Amino acid sequence: MTFHRETARFALVGISCLALAAATAGCPGSAEDPSDPGGAGGSGAGTGGASSVSSGAGTPVSGSSSGNPSTSSGDSGTTSTGTPSTSATSSTGAGTPTGACPPDATFCSDFEGAGLPEGATYRPSYQAADALNNMEIDTSTFHSGSSSLHVKPGGGGYDWRMLSVPAPGPKFWVRLYVRSSVDIGQSEHNAYFQAMTGSGEPNEGHNVEVAEQYCQIVLNLHDDVVLPEGGDFRCGSGGANLPKDQWHCMEAYFDGTQGDVQVYANGTKIIDKTGWDKLDFKTFSFGYLGFHGPARSMWYDDVAVAPERIGCVP
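Residues numbered from 1 in each chain as written. Predicted model: local features only at pLDDT ≥ 70, side-chain atom pairs only at ≥ 80, totals over all residues. Heavy atoms only, no water.

Trainee: What am I meant to see in the overall build of the protein here?
Mentor: Looking only at helices and strands, one finds 1 helix and 15 strands in the protein. When contacts within the protein are restricted to residue pairs at least 6 apart in sequence, long-range pairs at least 24 apart make up 73% of them. When the accessible area of the protein is evaluated, it comes to approximately 11,300 Å², of which 50% is carbon and sulfur surface. (Helix = DSSP H or I, 4+ residues; strand = E, 2+ residues; numbered from the N terminus. Contact = heavy atoms within 4.5 Å. Areas by Shrake-Rupley, 256 points an atom, 1.4 Å probe, with all protein chains shown as cover.)

This is how it looks when you write it as structure tokens:
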């Protein structure tokens, strides 16, 4: 079996964010143009002003720069972000409905069913027989409804436990609520979700990871690391991280045609990378990909993948 090659190259970084206010999940809110310059600054150097991340319920913390929403519809050279859909509900069980699933979503789940959601494939496939030992539907912890997906803790080293779902194409948005038993933003390299050119299997194709390293949230593509706004290659320099034991709404925009990636946490843009590698994304994967640990529990709820921005609860 071949393992992912990961190279430790620099030092470390960190900050805190406000807790996300408890709320039911959904897809409201105005759309924001991926080209919005308000959050720019997430190139490899990671310069920028955001030193904390606002909760999804309020005004971004002073010092963050999230820009003004845009309602442009886009064309063949521009991604259309559109208005988040309200035409359907994804709730399949008891409890509060999660709200809208975009009608053109390639995946949308609130994890209210008894097993792993339809349309998702456990990876790596050689561990598929252990999928429900490594993950479970958890009725004790949830963002909305009555359950969530719990990714159980594994070892402290290499540990790939993810679900893979189809991407709408090389350009797409994701929205998910995530919770961790340790702070999201550890000193060593681990990943939470990723856009992939392959089927979701390890070491197949190219993976743009939304990950952690240097005590902050980063992007990682074959050990090419993009820092968040305000970050530096050392702990304590000001890059964004998210506190443990709280639900956080994370969004990401992947445009493989242009090499652009944006990452939002609780409504604030924390990474804005343009002109990176141009990739033909086929798959989106989420869960936990550990290279160095520490071992942790991860929870996901109200996960949606769609061509246009879905949005967080206001």
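Trainee: Can you walk me through the pairing of strand β15 (residues 298-306) in this structure?
Mentor: If a strand is regular, its side chains alternate between the two faces of the sheet. Burial analysis of β15 places 9 of its 9 residues in the buried class, which makes it a mostly covered element. As defined by bridge partners, strand β1 (residues 107-109) adjoins β15 across 3 bridges and the pair is classed as antiparallel. Of the residues in β15, the one forming a bridge with F107 is V305. Here 3 bridges tie strand β4 (residues 148-151) to β15, and the two strands are oriented antiparallel to one another. Residue H150 lies in a different strand from β15, and its bridge partner there is W299. Pairing geometry for strand β6 (residues 171-180) and β15, over 7 bridges, is antiparallel. Within the sheet, the bridge partner assigned to S180 lies in β15 and is M298. (Buried < 20%, exposed > 50% of the residue type's maximum accessible area, 1.4 Å probe, protein only. Pairing = 2+ DSSP bridges.)

Trainee: When you look at the pattern of salt bridges in this model, what are you seeing that I'm missing?
Mentor: One pass over the structure, following the stated rule, counts 8 salt bridges. Here E201 and R123 are joined by a salt bridge, their closest N and O atoms 3.0 Å apart. Note that E201 is positioned in the loop between β7 (190-196) and β8 (207-213) and R123 in strand β2 (residues 121-123), a separation of 78 residues in sequence. Each member of the pair, E201 together with R123, is buried. The salt bridge involving R309 is made with E251; its shortest N-O contact spans 2.8 Å. With a gap of 58 residues between them, R309 in the segment after β15 and E251 in strand β11 (residues 248-255) connect regions that are remote in the sequence. On the basis of relative accessible area, R309 is assigned to the buried category, the value being 7%. (Salt bridge = Lys/Arg side-chain N within 4 Å of Asp/Glu carboxyl O.)

Trainee: Can you walk me through the state of the cysteines in this structure?
Mentor: Any covalent bond linking the sulfur atoms of two cysteines counts as a disulfide. As enumerated under the stated definition, the model contains 3 disulfides in all. Here C215 pairs with C235 through a disulfide, and the sulfurs are 1.8 Å apart. Looking along the S-S bond of the C215-C235 disulfide, the torsion reads about 65°, which is the right-handed sense. One end of the pair, C215, is in the loop between β8 and β9 (216-221); the other, C235, is in the loop between β10 (224-226) and β11, and 20 residues separate them in sequence. Residue classification places C215 among the buried positions, given a relative accessible area of 16%. Residue class for C235 comes out partly exposed when judged on its relative accessible area of 26%. Covalently, C249 is tied to C312 through a disulfide, its sulfur atoms 1.9 Å apart. What sets the handedness of the C249 and C312 disulfide is the S-S torsion sign, and at about -75° it is left-handed. Taken together, the residues C249 in strand β11 and C312 in the segment after β15 connect sequence positions 63 residues apart. Residue classification places C249 among the buried positions, given a relative accessible area of 1%. Overall, the relative accessible area of 13% leaves C312 in the buried class. (Disulfide = S-S within 2.5 Å.)

Trainee: Got a minute to help me understand the sheet that holds β10 in this structure?
Mentor: Strand pairing within a sheet occurs via backbone hydrogen bonds; the two strands may be parallel or antiparallel. The 7 strands are arranged β2-β5-β14-β7-β8-β9-β10 in an open sheet whose pairing can be described as antiparallel. In the strand order of this sheet, the two ends are held by β2 and β10, each with one partner. For this sheet, the mean angle separating the axes of adjacent strands, direction not counted, is 25°. (Axes fitted to C-alpha atoms, helices over the stretch in contact; angles between N-to-C directions.)

That's the geometry; what it means functionally is another story.
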